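Structural description and commentary
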Number of protein chains: 2
Amino acid sequence: MLTVERQTKIREMLKEKEMATIHELVETTGSSESTIRRDLTEMEERRELKRVRGGAALLKRRQEEPALIEKQVQFVEEKQQLAHYAASLIKQQDCIFLDAGTTILYMIPHLKDREITVVTNGITHVPLLLEHSITTYVTGGKAKEKTSALVGHAAAETLKNYRFDACFLGVNAVDDEAGYTTPDPEESVVKQTALQVGNKNYVLADHSKMGETAFAHIAPLHAATLVTTEDISEDHQQRYSEYTEIKVVKS
Amino acid sequence: MLTVERQTKIREMLKEKEMATIHELVETTGSSESTIRRDLTEMEERRELKRVRGGAALLKRRQEEPALIEKQVQFVEEKQQLAHYAASLIKQQDCIFLDAGTTILYMIPHLKDREITVVTNGITHVPLLLEHSITTYVTGGKAKEKTSALVGHAAAETLKNYRFDACFLGVNAVDDEAGYTTPDPEESVVKQTALQVGNKNYVLADHSKMGETAFAHIAPLHAATLVTTEDISEDHQQRYSEYTEIKVVKS
DNA sequence: TCAATTTCAATCATTTTCGATCATAAACAA
DNA sequence: TTGTTTATGATCGAAAATGATTGAAATTGA
């Protein structure tokens, strides 16, 4: 049996079953274990599959990401709710800006196959967006060490070339007096610019952000519609609604 | 049996089964192994099929570029050599441009903890660059479906804001007449702009790119120093050196 | 925990495949 | 005719692929 032929069979088996044991592969190809092992090693180097003990598995692009995200991220369910609702605000043919950050990331699966154009400064969003067949543009800018978000003057400048039907932003803190704030001034300048070029703006924030303030000012509350969940206090709901439109997502 | 007749049989067999072993072909044609080998070599040169060890396979007539995954398949070691050498050209404090693409990707591990500033249009490079503590800026632009590379006018525009000590580019094809070429015009515009704003420019290309041409013109050979390996033919070395500086990396 | 089993990478001998070379025979030209 | 070109088949050493074996590492089960 030809090498290419054998490796094609391996690919086919994996497509069918997600994973396969070495023994299975030995049987269906009629080759020796050594040969199969060599094939798997080679194919893993080519990123065609992932070796696992005893066999091989189809590799999923996001294999590492969820684990990473789950660890770092708090209030996942709350953020999912926010993201789901926010995605429903987007209309066919819209051009939208998606801020970097995990809350916004969760919006992407809900955008699958919608005819929209997305601009983002979140490097980590890009593979996921492309996977979901979404036309994607990326802002320029300096890449932030931990999050890979694009920030700073350069990012803001490229944003000025666009006009958005809607902008979806994450922030670190929401307060009626301080408005929306975030720790990194380099980031705030990007968010500010997005708010300037967006027609309708939304800030997604879970309950932990409420009544907090961070170092860098972004904008006063009225600059965007605040999307949050029932988990925030009545008091906060009351206070913020005096300054801006606020949408409380019910679970 | 006539030569044409024999080769027609080979074509037919391939159409049926996608691939065929030399032994099979020897049997059905009644010719010797040597003859079949000669046929296959000849037919491969005419791009009628692809030789694989032990036989031949139908070649997929894809106009599109091979996906990133398939691309990574080939000549990894050669690319590593190129990347290693290219990295040695970078000086402390340099500002450099790193093109998207796997060959260039391999440069990154060699840049660890160097005091340099990198600008790239390769989304996939960013996490790796940050991991190695390298100051990283990203161009804007449209994200390409398969490779996540940033391309098009927007990418080129942001590049004009920078000046580089050195640019490192990948290309799909190198030819003394056609110069450097690549299948995607959206990509070529980015590479062109990089060449304009770079002080010293390098094109990294393995032997498979030599003497080939692709759809979109980037620049004539003299626009960059060609970095390649011993694997390319004497003839190509000779010819290209008439047009541009060429560095042949020894293993 | 320990022992048994499975899985693994590394190594080696064998087999297969390859390209190069040479000899032969047929086709062709002078 | 004779010499030349071309296609073919055979052979050979080198390179690559394969299969078997081994001891180490990981996993499992008691």
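Residues numbered from 1 in each chain as written. Chains lettered and ligands numbered in written order. Predicted model: local features only at pLDDT ≥ 70, side-chain atom pairs only at ≥ 80, totals over all residues. Heavy atoms only, no water.

Attention now moves to the interface of chain A and chain B. In this complex, chain A contributes 27 residues to the contact, which on the side of chain B involves 32 residues. Here chain A packs against chain B, burying approximately 2300 Å² in sum over the two surfaces, 66% of which is carbon and sulfur. Three residues stand out in chain A for area buried against chain B, namely L2, R46 and L130 of chain A, and they jointly supply 23% of the buried area on that side. Where chain A touches chain B, the interface holds zero salt bridges. Linking chain A with chain B are four residue pairs in polar contact (both at pLDDT 80 or more), by the criterion used here. Elements that contribute at least two residues to the side of chain A that touches chain B include exactly helix 1 (3–17), helix 7 (125–131), strand 6 (135–138), strand 7 (141–143) and helix 8 (152–159) of chain A. The element best represented in the side of chain A that touches chain B is strand 6 of chain A, accounting for four residues. In terms of residue class, the side of chain A that touches chain B is made up of 11 nonpolar, eight polar and eight charged. Where strand 7 of chain A lies against strand 6 (residues 135–138) of chain B, two bridges are found, and the strand directions are antiparallel. Residue G141 of chain A lies in a different strand from strand 6 of chain B, and its bridge partner there is V138 of chain B. (Contact = heavy atoms within 4.5 Å. Buried area = accessible area lost by both parts, 1.4 Å probe. Salt bridge = Lys/Arg side-chain N within 4 Å of Asp/Glu carboxyl O. Polar contact = N/O pair within 3.5 Å; in protein donor to acceptor, adjacent residues only side chain to side chain. Helix = DSSP H or I, 4+ residues; strand = E, 2+ residues; numbered from the N terminus. Nonpolar A, V, L, I, M, F, W, Y, C, P; charged D, E, K, R; others polar. Pairing = 2+ DSSP bridges.)

Let's shift gears to the confidence of the model for chain A. Counting all residues, the mean pLDDT for chain A is 89, and 94% of those residues have values of 70 or more. Taken together, the stretch residues 61–71 of chain A has pLDDT below 50 and engages in nine contacts with residues farther than four places along the chain or on a different chain. (pLDDT = per-residue confidence, 0-100.)

Looking now at the protein's contact with DNA strand C. In the vicinity of DNA strand C, 14 residues are found, and the nearest of them are R37 and G54 of chain A together with R37, R51 and G54 of chain B. Restricting the count to atoms of DNA strand C within 4 Å of the protein gives a sugar and phosphate share of 79%. R53 of chain A has a polar side-chain atom sitting 3.4 Å from a base oxygen of DNA strand C. Between a phosphate oxygen of DNA strand C and a main-chain N or O atom of V52 of chain B, the distance comes to 3.4 Å. Secondary-structure elements contributing two or more residues to the surface near DNA strand C are strand 2 (50–52) of chain A together with strand 2 (50–52) of chain B. (Near = heavy atom within 4 Å.)

All names here are of chain A. Here strand 12 (residues 198–204) lies mainly inside the structure; five of its seven residues are buried. Relative to strand 12, strand 9 (residues 164–170) runs parallel, the two being bridged by six bridges. Across the sheet, the residue bridging to F164 is G198, located in strand 12. Across three bridges, strand 12 lies against strand 14 (residues 225–229) in parallel orientation. Its bridge partner being in strand 14, Y202 is matched across the sheet by T225. (Buried < 20%, exposed > 50% of the residue type's maximum accessible area, 1.4 Å probe, protein only.)

Further remarks concern the protein's contact with DNA strand D. Around DNA strand D, the structure places 17 residues, and the nearest of them are R6, T35 and R38 of chain A together with T35 and R38 of chain B. Taking all atoms of DNA strand D within 4 Å of the protein, the share assigned to sugar and phosphate is 54%. Here a sugar or linking oxygen of DNA strand D sits 3.3 Å away from a polar atom, N or O, in the side chain of R53 of chain B. Secondary-structure elements contributing two or more residues to the surface near DNA strand D are helix 1 and helix 3 (33–45) of chain A together with helix 1 (3–17) and helix 3 (33–45) of chain B. Looking at side-chain class alone, the surface near DNA strand D contains one nonpolar, 10 polar and six charged residues.

Evaluation of the coordinates by the stated rule reveals eight aromatic pairs over all chains. Seen from their ring centres, F168 of chain A and Y202 of chain A are 5.1 Å apart, and the 10° between their planes marks the pair as stacked. With F168 of chain A in strand 9 and Y202 of chain A in strand 12, this residue pair connects regions lying 34 residues apart in the sequence. Exposure class is identical for F168 of chain A and Y202 of chain A. Each is buried. Both rings, one in F97 of chain B and one in F164 of chain B, keep their centres 5.7 Å apart while their planes meet at 45°; by these two values the pair is tilted. (Phe/Tyr/Trp six-rings, centres within 6.5 Å; stacked < 30°, edge-to-face > 60°.)

For S133 of chain A, which is not glycine, the phi dihedral falls at a positive 60°. One can find S133 of chain A in the loop between helix 7 and strand 6. At E18 of chain B, a residue that is not glycine, the phi angle is positive and equals roughly 75°. With respect to the secondary-structure elements, E18 of chain B resides in the loop between helix 1 and strand 1 (19–21).

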